[in-house]
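These are the residues of each chain, in order.
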Amino acid sequence: MKIVVIGGTGLIGTKLVKKLREQGQEVVAASPASGVNSVTGEGLADALKGASVAVDVTNSPSWEDAAVLKFFETSTRNLLDYEAAEGVGHHIALSVVGTERLLESGFFRAKLVQENLIKASSIPYSIVRATQFFEFVKAIADPSTEGNKVRLPPVLFQPMAADDVASAMARIAMSAPVNATVEIGGPEQFRLDEVIRRDLAARKDPREVISDPHARYYGIKVSERTLVPNDDARLGETHFEDWLNQSTKQAPKTERQRA
Ligand SMILES: NC(=O)c1ccc[n+]([C@@H]2O[C@H](COP(=O)([O-])OP(=O)(O)OC[C@H]3O[C@@H](n4cnc5c(N)ncnc54)[C@H](OP(=O)(O)O)[C@@H]3O)[C@@H](O)[C@H]2O)c1
């Protein structure tokens, strides 16, 4: 079975390509670096020729409102058109748990447009909505930082390892399309402020995390269950504390830590 991973050089894409190859699948890792551009359409017809499955794990280089909308809308339309022309039988896309509850942000409005285009197309599909990756946790503090203080709301938060996201995507890529949305999440629920506090402390980042029920997440108003999946979500195996220990053992010092 030929599987094309669009965005095959990204965080999830790289892991997914490796896992699928380990399972003996024929995999094309497609990205602008390999001459495949889902926004311009360059290289798509060749990459998708003879493919049974296409997995979209691209991300927009810019998260500015108009740019991110243009990226996901154009890229998804192109992928679906080229896949239909090549007879691809399963389109899979990675989206985010709670997308419809996060529409104050242009990024999530763009992800919803992506999902709706997929649902409206004639190609059988599986939409996978994941919670925030552990790898993304350290970036959450920055937009909420003022001076040495990070203000975050103590809402429920269930992040997961990128490796577990890739494993779930690989299983779905080797299964029949569900023509529905599947949710995946981490094995434990925390409070958002607590996870960021633990992450910063483990990285010896001196910022103080203040629990503030009125604070926003990436500028978005969130409530208790905005960021967590439904009870039927498939859960990853990796625990945050184990991942954090591992990643802080390996991570080079950040500029902030060096200062
Ligand atoms: N961050 C989170 O916590 C989270 C949670 C749930 C879901 N997601 C979703 O997961 C998806 C993947 O995220 P990620 O962190 O793995 O992304 P990433 O590391 O930023 O990788 C993005 C990939 O897209 C490729 N790409 C960019 N523009 C392209 C274009 N015009 N044509 C083809 N490929 C293009 C990149 O290629 P280059 O290597 O050449 O740049 C790269 O391979 C995103 O859609 C995101 O919404 C993220």
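Predicted model, so just to flag it, every value in this text is computed and none were measured.

Draft legend 1. Layout of the overall build of the chain. Secondary structure assignment for the chain yields nine helices and twelve strands. Rg of the C-alpha trace for the chain: 19 Å, near the compact-globule value of 18 Å for 259 residues, within the 12% margin. The buried share of the chain, taken over its 259 residues, is 50%. Here the chain displays about 12000 Å² of accessible surface, and carbon together with sulfur accounts for 51% of that area.

Draft legend 2. Spatial organisation of the pattern of salt bridges. Under the definition given, this model contains 17 salt bridges. Glu-104 is the salt-bridge partner of Arg-216, the closest N and O atoms lying 2.7 Å from each other. Of this pair, Arg-216 sits in the loop between strand E11 (208-211) and strand E12 (234-235) while Glu-104 sits in the loop between strand E4 (90-96) and helix H4 (106-120); the two residues are 112 residues apart in sequence, bridging distant segments of the chain. Taking relative accessible area as the criterion, Arg-216 reaches 37% and is therefore assigned partly exposed. Among the residues examined, Glu-104 registers a relative accessible area of 47% and is labelled partly exposed.

Draft legend 3. Here's a closer look at the packing of aromatic side chains. Going through the model one piece at a time under the given rule, you end up with eleven aromatic pairs. A centroid spacing of 5.1 Å and a plane angle of 90 degrees characterise the contact between Phe-71 and Phe-72, whose relative ring orientation is edge-to-face. An identical accessibility class is assigned to Phe-71 and Phe-72; each is buried. Summarising the aromatic geometry, the rings of Phe-107 and Phe-108 are spaced 5.3 Å apart at their centres and angled 80 degrees between planes, so their arrangement reads as edge-to-face. Classification of Phe-107 by relative accessible area gives buried; the value is 10%.

Draft legend 4. Region of interest: the sheet that holds strand E9 (residues 180-185). A sheet is described by the order of its strands in space; here seven strands give the open sequence E2-E1-E3-E4-E5-E9-E12, paired in parallel fashion. Each edge of the sheet is formed by a strand with only one pairing partner; in this case those strands are strand E2 (26-30) and E12. Judged from the six bridges that link them, E4 and strand E5 (residues 125-130) form a sheet pairing that is parallel. Looking at the pairing, Val-96 lines up with Ala-130 of E5. The strands touched by H4 are strand E3 (53-56), E4, E5 and E9; relative to E4, the strand with the most contacts, the crossing angle is about 160 degrees.

Draft legend 5. Geometry of the nonpolar core. With 30 residues, the main nonpolar core has Leu-192, Ile-196 and Phe-240 as its most contacted residues. Excluding anything up to four places from it in sequence, Leu-192 contacts Ile-140, Leu-152, Pro-153, Val-155, Phe-157, Tyr-217 and Leu-227. Among the nonpolar cores identified, the runner-up in size contains 26 residues, and Ile-12, Leu-20, Ile-172 and Ala-173 belong to it.

Draft legend 6. Expanded view of H4. Between its first and last C-alpha, H4 extends 21 Å over 15 residues, near the 21 Å set by a 1.5 Å rise per residue. Among the residues of H4, Gly-106, Phe-107, Phe-108, Ala-110, Lys-111, Gln-114, Glu-115, Leu-117 and Ile-118 are the ones counted as buried. Looking at the packing, one finds that the buried side of H4 touches E3, helix H3 (65-86), E4 and E5. The opening residue of H4 is Ser-105, an N-cap whose side-chain oxygen sits 3.1 Å from the backbone nitrogen of Phe-107.

Draft legend 7. Structural context of the packing of helix H7 (residues 192-202) against helix H8 (residues 240-250). Running from N to C, H7 and H8 point in directions that differ by 25 degrees, and their axes come no closer than 10 Å. The angle between H7 and H8 places the two elements in the roughly parallel class. The two elements H7 and H8 meet at a crossing, and its hand is right-handed. Each of Val-195, Arg-198, Asp-199 and Ala-202 in H7 lies in contact with H8, whose residues at this interface are Phe-240, Glu-241, Trp-243, Leu-244 and Thr-248.

Draft legend 8. Structural view of the site of the ligand. Every one of the 27 residues lining the ligand counts as a neighbour, but Thr-9, Leu-11, Thr-58, Lys-111 and Phe-133 are closest to it. The contact in question runs from an oxygen atom of the ligand to an N or O atom on the backbone of Leu-11, over 2.8 Å. Take Ser-38: an N or O atom from its main chain is 2.9 Å from a nitrogen atom of the ligand. Considered on its own, the ligand offers 940 Å² of accessible surface; in the complex 81% of this is hidden by protein. Among the cavities detected, the one that contains the ligand is the largest pocket.

What counts as what
- Residues numbered from 1 in each chain as written.
- Predicted model: local features only at pLDDT ≥ 70, side-chain atom pairs only at ≥ 80, totals over all residues.
- Heavy atoms only, no water.
- Helix = DSSP H or I, 4+ residues; strand = E, 2+ residues; numbered from the N terminus.
- Rg over C-alpha atoms; globule rule 2.2 N^0.38 Å.
- Buried < 20%, exposed > 50% of the residue type's maximum accessible area, 1.4 Å probe, protein only.
- Areas by Shrake-Rupley, 256 points an atom, 1.4 Å probe, with all protein chains shown as cover.
- Salt bridge = Lys/Arg side-chain N within 4 Å of Asp/Glu carboxyl O.
- Phe/Tyr/Trp six-rings, centres within 6.5 Å; stacked < 30°, edge-to-face > 60°.
- Pairing = 2+ DSSP bridges.
- Contact = heavy atoms within 4.5 Å.
- Axes fitted to C-alpha atoms, helices over the stretch in contact; angles between N-to-C directions.
- Core = buried A, V, L, I, M, F, W, Y, C linked by side-chain atoms within 4.5 Å.
- Expected span 1.5 Å × (residues − 1).
- Polar contact = N/O pair within 3.5 Å; in protein donor to acceptor, adjacent residues only side chain to side chain.
- Parallel < 35°, antiparallel > 145°, perpendicular 65-115°, else oblique.
- Left-handed = near helix turned anticlockwise from the far one by under 90°.
- Near = heavy atom within 4 Å.
- 1 Å grid on protein atoms, 1.4 Å probe; cavity = no way out; pocket = protein on both sides within 12 Å on 5 of 7 lines; lining within 4 Å.
- Sits in = over half its atoms within 2 Å of the grid points.

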